[in-house]
Amino acid sequence: LARHLLGPSARVQALGEASAEDARLSPEEVKKVFTDNVPGVEQLVYRGQDGNFSLDFMVGAYKDGFRAFQGTALEEHLRSLFRLIVHHGHDLKP
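Attention here is on the structure that accompanies the text. Keep in mind it's a predicted model, so treat the numbers as computed, not measured.

Looking at the overall build of the chain
A tally of helices and strands in the chain yields four helices and zero strands. Mapped from its N terminus to its C terminus, the chain presents α and β elements in the order α-α-α-α. A compact globule built from 94 residues should have a C-alpha radius of gyration of about 12 Å, whereas the chain, at 17 Å, is more than 25% larger. If one aligns the C-alpha atoms of the chain with their principal axes, the spans along those axes are about 50 × 30 × 30 Å. Looking at the chain as a whole, 21% of its 94 residues are labelled buried. Across the chain, contacts joining residues at least 24 apart in sequence account for 52% of those joining residues at least 6 apart.

Written out as structure tokens, the structure reads:
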């Protein structure tokens, strides 16, 4: 079993580097991607904090990235990946 799981038939080809993804949507368009695809997203709160809505957090992350990663090597990478996900939702891609 171990040989099979570690063998060539079970390997996935490594993906190349993710390219930088520019912000091309307005805050309203980003919100619409989530409200159209995530039922109840308007009521979700960030980290259980009353009045701190997740939708606002996601709009900010799309524009500026994730504060927890600012100044790190992952900052641009994670912001670009998040934007790519939002763009796929906006463009109705799987």
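There's more to say after this.
Section: a nonpolar patch on the surface
Taken together, the side chains of Leu1, Leu5 and Leu6 define a hydrophobic patch exposed on the protein surface, amounting to about 390 Å² of accessible area. Relative to the helices and strands, Leu6 is located in helix 1 (residues 2-6). The class of Leu6 is exposed, set by a relative accessible area of 62%.

Remarks on the packing of aromatic side chains
Per the counting criterion, the structure on display carries four aromatic pairs. Ring geometry for Phe57 versus Phe66: centroids 6.1 Å apart, planes at 50 degrees, classification tilted. Residue class for Phe66 comes out partly exposed when judged on its relative accessible area of 21%. Here Phe66 and Phe82 contribute two aromatic rings whose centre-to-centre distance is 5.5 Å and whose plane-to-plane angle is 70 degrees, an arrangement assigned as edge-to-face. Note that Phe66 is positioned in the loop between helix 3 (54-64) and helix 4 (75-90) and Phe82 in helix 4, a separation of 16 residues in sequence.

Considering the pattern of salt bridges
Applying the stated criterion across every chain yields a total of six salt bridges. Salt-bridge contacts for Glu75 lead to Arg79; the nearest nitrogen and oxygen are separated by 3.7 Å. With a gap of four residues between them, Glu75 and Arg79 both fall in helix 4, about one helical turn apart. When its relative accessible area of 22% is taken as the criterion, Glu75 is described as partly exposed. For Arg79, a relative accessible area of 14% corresponds to the buried category. Arg79 is the partner of Glu76 in a salt bridge, and the nearest nitrogen-oxygen pair spans 2.3 Å. Taken as a pair, Glu76 and Arg79 lie in helix 4 at a separation of three residues, close to a single helical turn. Exposure remark for Glu76: the relative accessible area of 35% places this residue in the partly exposed category. Each of Glu75, Glu76 and Arg79 takes part in one network of salt bridges that share partners.

Focus: the nonpolar core
The nonpolar side chains of a soluble globular protein tend to be buried, and buried together. Counting 12 residues, the largest nonpolar core consists of Leu25, Val30, Val33, Phe34, Val41, Leu55, Met58, Val59, Ala61, Tyr62, Phe82 and Val86. For this core, the elements supplying multiple residues, two or more each, are helix 2 (27-37), helix 3 and helix 4. Looking at this core element by element, the count peaks at five residues for helix 3.

Here's the deal with the environment of Pro27
Note on placement: Pro27 falls in helix 2. Spatially, the C-alpha atoms of Pro27 and Lys63 are 8.1 Å apart, while their sequence positions differ by 36 residues.

Conventions adopted
- Residues numbered from 1 in each chain as written.
- Predicted model: local features only at pLDDT ≥ 70, side-chain atom pairs only at ≥ 80, totals over all residues.
- Heavy atoms only, no water.
- Helix = DSSP H or I, 4+ residues; strand = E, 2+ residues; numbered from the N terminus.
- Rg over C-alpha atoms; globule rule 2.2 N^0.38 Å.
- Buried < 20%, exposed > 50% of the residue type's maximum accessible area, 1.4 Å probe, protein only.
- Contact = heavy atoms within 4.5 Å.
- Patch = residues over 30% accessible without salt bridge, like charges linked within 9 Å, V, L, I, M, F, W, Y side chains within 5 Å.
- Areas by Shrake-Rupley, 256 points an atom, 1.4 Å probe, with all protein chains shown as cover.
- Salt bridge = Lys/Arg side-chain N within 4 Å of Asp/Glu carboxyl O.
- Phe/Tyr/Trp six-rings, centres within 6.5 Å; stacked < 30°, edge-to-face > 60°.
- Core = buried A, V, L, I, M, F, W, Y, C linked by side-chain atoms within 4.5 Å.

So far we have only geometry, and geometry alone does not tell us how the molecule works.
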